[in-house]
Amino acid sequence: MKLKKLALAGLLVLVCGTAFAEHGPGCGKGKFDHAKWQEHRLEHFEKHQDKLHTILQLSNAQEAAWKTYQAQIKPQDKAEHPDVAELNKLNTLQRLDKMEAWDKERDLRQAERAKAIRTFYAQLNDAQKKAFDENAFPQHPRHDKPHHE
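The present account deals with the structure reproduced in this document. (Residues numbered from 1 in each chain as written. Predicted model: local features only at pLDDT ≥ 70, side-chain atom pairs only at ≥ 80, totals over all residues. Heavy atoms only, no water.)

## Details of the pattern of salt bridges
Next up, step 1: Under the criterion given, the structure shown has 4 salt bridges.
Next up, step 2: For the salt bridge of Asp103 with Arg106, the shortest nitrogen-to-oxygen distance reads 3.1 Å. In this pair, Asp103 and Arg106 both sit in helix H5 (residues 92-121), 3 residues apart, roughly one turn of the helix.
Next up, step 3: Residue classification places Asp103 among the partly exposed positions, given a relative accessible area of 28%.
Next up, step 4: Relative accessible area serves as the criterion here: at 37%, Arg106 is assigned to the partly exposed category.
Next up, step 5: Of the charged contacts, one joins Glu134 and Lys130 as a salt bridge, the two residues approaching to 2.5 Å between their closest N and O atoms. Highlighted residues: Glu134 and Lys130, both in helix H6 (residues 126-135), separated by 4 residues, approximately one helical turn. Across the pair, exposure class does not vary: Glu134 and Lys130 are exposed alike.
Next up, step 6: When salt bridges with common partners are traced through the structure, they connect Asp103, Arg106 and Asp107 into a single cluster. (Salt bridge = Lys/Arg side-chain N within 4 Å of Asp/Glu carboxyl O. Helix = DSSP H or I, 4+ residues; strand = E, 2+ residues; numbered from the N terminus. Buried < 20%, exposed > 50% of the residue type's maximum accessible area, 1.4 Å probe, protein only.)

Right, here's the structure in full:
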């Protein structure tokens, strides 16, 4: 009986130990590949836009507006976050200035994107506007749940 308990305890330690073990060098944990993520993001965007194009059933006259719209909203490489090491060399006011400049660039890109959407939307008929409203910005299932369930 003592031997069984000892074997069970040993097995438990072994199982728990593997749960806390560090990942090996080839598993990819902790390594973010920006280029691969950007490629995935662009692929997802293009797939969604193809689906939207099919749903909208655009007329020949609307195709030019669609192409212009696509060129204007296509995801670009996101602006790099400010380098933390460089920010740490600055005083607080200089850091604030850098962060505000970064925010202004992001806001400008967002305003340009919104203008492109508004311009394209104006080219649509009522049925297409309804389809655009329902499909242009799909809600992902995980986005409509509270953060802590």
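## A look at H6
Next up, step 1: Taken together, the buried positions of H6 are occupied by Gln128, Ala131 and Phe132. For H6, the buried positions fall inside an angular range of 100° around the axis, keeping them on one side. Relative to its buried face, H6 has exposed residues pointing more than 90 degrees away, namely Asp126, Ala127, Lys130 and Glu134.
Next up, step 2: Of the residues flanking the start of H6, the one acting as N-cap is Asn125, its side-chain oxygen 3.1 Å from the backbone nitrogen of Ala127. (Arc of directions from axis to C-beta. Polar contact = N/O pair within 3.5 Å; in protein donor to acceptor, adjacent residues only side chain to side chain.)

## As for the packing of aromatic side chains
Next up, step 1: By the definition in use, this model includes 7 aromatic pairs.
Next up, step 2: Between the aromatic rings of Tyr69 and Phe132, the centroid separation amounts to 6.2 Å while the plane-to-plane angle is 65°, which identifies the pairing as edge-to-face. Here Phe132 lies in helix H6 and Tyr69 lies in helix H3 (residues 60-73), a separation of 63 residues in the sequence. Like Phe132, Tyr69 is buried.
Next up, step 3: Taken together, a centroid distance of 5.7 Å and an interplanar angle of 65° make the contact between Tyr121 and Phe132 edge-to-face. Highlighted residues: Tyr121 in helix H5 and Phe132 in helix H6, separated in sequence by 11 residues. (Phe/Tyr/Trp six-rings, centres within 6.5 Å; stacked < 30°, edge-to-face > 60°.)

## What to know about unusual backbone geometry
Next up, step 1: Residue Gln57 is not a glycine yet carries a positive backbone phi of 50°.
Next up, step 2: Along the polypeptide, Gln57 turns up in the loop between helix H2 (34-56) and H3.
Next up, step 3: On the accessibility criterion, Gln57 (66% relative accessible area) is exposed.

## Here's the deal with a negative patch on the surface
Next up, step 1: Residues Asp33, Glu39, Glu43, Glu46 and Asp50 make up a contiguous surface patch of negative charge.
Next up, step 2: As for its placement among the helices and strands, Asp50 is situated in helix H2.
Next up, step 3: Accessibility expressed as a relative area gives 53% for Asp50, which makes it exposed. (Patch = residues over 30% accessible without salt bridge, like charges linked within 9 Å, V, L, I, M, F, W, Y side chains within 5 Å. Areas by Shrake-Rupley, 256 points an atom, 1.4 Å probe, with all protein chains shown as cover. Lys, Arg positive; Asp, Glu negative; His and termini not counted. Charge placed at Lys NZ, Arg CZ, Asp CG, Glu CD.)

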